[in-house]
Amino acid sequence: MAGGALTSEWIAAFTAVPRSEFLPDLMWPFDMASGRSVPVSRSDAPEQWHDYADSDVPIVTQWDDGQHTGREPGTLSTSSASMPSMVFAMLRDLSVRHGHQVLEIGTGTGWNAALLAHRLGADNVTTVEIDPAVAQDAYRALQRCGLPVAAITGDGTLGYPDRAPYDRVIATAGLRAQVPWAWVEQTQPGGIIVTPWGTDFGNGDAIARLVVAEDGLTASGRFTGPAEFMKFRAQRVAPIEHDKYVPDGVAEGDQSATALTEGEFLGDRFDARRFAYGLRIPHCTMVVAGKRDGVRPVWLYSRTDHSWACVMFRDGDTAHVWQRGDRRLWDDAHAAYDWWADHGRPDHTRFGLTVTPEGESVWLDSPADAWRI
């Protein structure tokens, strides 16, 4: 079930602490065949419920910050159980050892905290959850499993200074280019922070593995691979209001063409090129529309003004481009693609992140070649 990410030191915890103990009666697993979240009730379909609980798929456990009712999926997924392969990949990155004190940000169902507590002892694990209802459900599940970790209801971006310092910090929600400095301050020199991190460009994240410097003034490290997590509530970006950008249609933009194909520019959903675009084009969001009759529009929207760009990819034909505003977003996107291609089409693991009290910088291959973001 853990997709090859389960290493030998976690087998005992995985066996003793099944994910099913932390899932609600009604849940919404991601169905790979249909590509959507589907409602599954343990009361109505116990065999199907257990099949999904034991599968390597993400499972939504809350919609719309708890305001959603009914069986059908809500609008925004706001709490979930990550796919087990991702859980164990991040635990592997965390490199915990006996005696370590661990702070988890984002308790969710409580399963991740339970795995840590089984390995390290409940006294060595602190977990923080912002949603009181989610925190309460997780606390009850941890108690049922005999793993009474310190479960705190509060804003995880502040860490939890009362039990600091920590040897390890792990977050289970996606950051948007802002690693809270409180996490660094509350981590021992030489300690490790593992967190999903991304930009405004899209929902995709990468897992940052940061090591706190001996002087405590920086935390730096490489990304270990792609991921997609629900975002920290305080860092969610507002939905794009298309009509405020393009009230009169694309014809109002400056028109051109590009030889780039859809496949060259977009790659796959978790492709590193999209991650690179986010690093090279700050404060920009890409929206990929559905494909119809061989045509796929891709939109770029500035988050600092109402600049926009649209490229219309057509199967077997030249793509047409429209852009408008002070920011020439398609020009920036094409330049970002060229930069990525010219540097050997790097994957996520060649990129890194450095965090200081003044802000963050990203880099390719070496912190010596960093740029601010």
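In what follows, the structure referred to is the one given above.
Now for a look at the structure at hand. For clarity, every value in this text was computed on a predicted model and none was experimentally measured.

## Examining the overall build of the protein
Within the protein, the secondary structure is distributed over 10 helices and 21 strands. By the compact-globule yardstick of 21 Å for 373 residues, the protein fits well, its C-alpha radius of gyration being 22 Å. Counting only C-alpha atoms, the protein reaches 65 × 55 × 35 Å along its principal axes. Per-residue burial over the protein gives 50% buried out of 373 residues.

## Examining the packing of aromatic side chains
This structure, assessed with the given rule, holds 19 aromatic pairs. When the centroid spacing of 6.2 Å and the interplanar angle of 45° are considered together, the rings of Y337 and W340 count as tilted. With a gap of 3 residues between them, Y337 and W340 both fall in helix α10 (residues 329-342), about one helical turn apart. Side by side, Y337 and W340 carry an identical accessibility label, which is buried. By way of ring pairs, the aromatic residues W197, F223, F275, W339, F351 and W371 are connected into one cluster. Across the ring face of W10, the terminal group of R119 is positioned such that the distance to the ring centre comes to 4.8 Å. In this structure, R280 packs its charged tip against the face of W371, placed 4.8 Å from the ring centre.

## Regarding the layout of surface pockets
In this structure, the second largest pocket encloses a volume near 310 Å³. What lines the second largest pocket is a set of 16 residues, among which F22, P24, V134, D137 and A138 lie closest to the centre. Taken together, the elements giving at least two residues each to the lining of the second largest pocket come down to β4 (59-63) and α5 (132-144). Residue classes in the lining of the second largest pocket are distributed as 7 nonpolar, 5 polar and 4 charged.

## Observations concerning the sheet that holds strand β14 (residues 254-258)
Strand order in the open sheet formed by 5 strands is β14-β18-β17-β16-β15, with antiparallel pairing between adjacent strands. Strands with a single pairing partner mark the edges of an open sheet, and in this sheet they are β14 and β15 (284-288). Between one strand and the next, the sheet's axes are offset by a mean angle of 20°, whatever the strand orientation. α10 contacts β14, β15, β16 (295-302), β17 (308-314) and β18 (319-324) of the sheet and is inclined by roughly 105° relative to β16.

## What to know about the pairing of β18
Direction of pairing for β14 relative to β18: antiparallel, over a ladder of 5 bridges. From the neighbouring strand, A257 faces β18, where its bridge partner is H320. The hairpin turn running from β17 into β18, its antiparallel successor, is 4 residues long, and G316 in that turn takes a positive phi close to 75°.

## Thoughts on the packing of helix α9 (residues 272-280) against α10
Interhelical geometry of α9 versus α10 gives an angle of 120° and a closest axis separation of 9 Å. Of the possible angle classes, the one that applies to α9 and α10 is oblique. As for the relative orientation of α9 and α10, their crossing is right-handed in sense. Residues A272, R273, A276, Y277 and R280 of α9 lie in contact with α10, whose contacting residues are A336, Y337, W339 and W340. Taken together, the residues of the contact of α9 with α10 break down into 7 nonpolar, no polar and 2 charged.

## Structural notes on helix α2 (residues 46-53)
Every buried residue belonging to α2 is among W49, Y52 and A53, and all of these are buried. On an axial view of α2, the arc spanned by its buried residues comes to 105°, and they lie on one face. Tucked into the core, α2 has its buried residues touching β1 (26-31), β3 (40-41) and β4.

## Regarding the nonpolar core
Most often, soluble globular proteins keep nonpolar side chains buried together rather than apart. W183, W197, F265, L300, W330 and L353 are the most contacted members of the largest nonpolar core, which has 55 residues in total. Element by element, the count of residues in this core is highest for α10, at 7 residues. Within the second largest apolar cluster, 33 residues are counted, among which are A5, M90, V125 and I170.

## A look at α5
Between the first and last C-alpha of α5 there are 18 Å, a value that for 13 residues agrees with the 18 Å anticipated at 1.5 Å per step. Within the span of α5, buried status applies to V134, A135, A138, A141 and L142. Considered in projection along α5, the buried side chains sweep an arc of 130° and stay on one side of the axis. In α5, the exposed positions that point more than 90 degrees away from the buried face belong to P132 and R144. In this structure D131 caps α5, since a side-chain oxygen of it lies 3.0 Å from the backbone nitrogen of A133. A positive phi of about 70° marks G146, the residue just after α5.

## Focus: unusual backbone geometry
Cis geometry is adopted by the peptide bond preceding P165, which originates at A164 and carries an omega value of 5°. Looking at the secondary structure, you find P165 in the loop between β8 (150-153) and β9 (166-171). Its identity as a non-glycine residue notwithstanding, S95 has a phi of 55°, on the positive side. Among the secondary structure elements, S95 is positioned in the loop between α3 (84-94) and β6 (102-105).

## As for the pattern of salt bridges
Evaluation of the coordinates by the stated rule reveals 16 salt bridges. Ionic pairing is found between D65 and R233, a salt bridge with its closest N-O pair at 3.3 Å. Highlighted residues: D65 in the loop between β4 and β5 (77-81) and R233 in the loop between β13 (219-227) and α7 (242-245), separated in sequence by 168 residues. Overall, R233 belongs to the partly exposed group, its relative accessible area being 29%. As a salt-bridge pair, D205 and R176 come within 3.0 Å of each other at their nearest N and O atoms.

Criteria and cut-off values
Residues numbered from 1 in each chain as written. Predicted model: local features only at pLDDT ≥ 70, side-chain atom pairs only at ≥ 80, totals over all residues. Heavy atoms only, no water. Helix = DSSP H or I, 4+ residues; strand = E, 2+ residues; numbered from the N terminus. Rg over C-alpha atoms; globule rule 2.2 N^0.38 Å. Buried < 20%, exposed > 50% of the residue type's maximum accessible area, 1.4 Å probe, protein only. Phe/Tyr/Trp six-rings, centres within 6.5 Å; stacked < 30°, edge-to-face > 60°. Lys NZ or Arg CZ within 6 Å of the ring centre and 35° of its normal. 1 Å grid on protein atoms, 1.4 Å probe; cavity = no way out; pocket = protein on both sides within 12 Å on 5 of 7 lines; lining within 4 Å. Points joined across faces, edges and corners; volume = space filled by probe spheres on them. Nonpolar A, V, L, I, M, F, W, Y, C, P; charged D, E, K, R; others polar. Pairing = 2+ DSSP bridges. Axes fitted to C-alpha atoms, helices over the stretch in contact; angles between N-to-C directions. Contact = heavy atoms within 4.5 Å. Parallel < 35°, antiparallel > 145°, perpendicular 65-115°, else oblique. Left-handed = near helix turned anticlockwise from the far one by under 90°. Arc of directions from axis to C-beta. Core = buried A, V, L, I, M, F, W, Y, C linked by side-chain atoms within 4.5 Å. Expected span 1.5 Å × (residues − 1). Polar contact = N/O pair within 3.5 Å; in protein donor to acceptor, adjacent residues only side chain to side chain. Salt bridge = Lys/Arg side-chain N within 4 Å of Asp/Glu carboxyl O.

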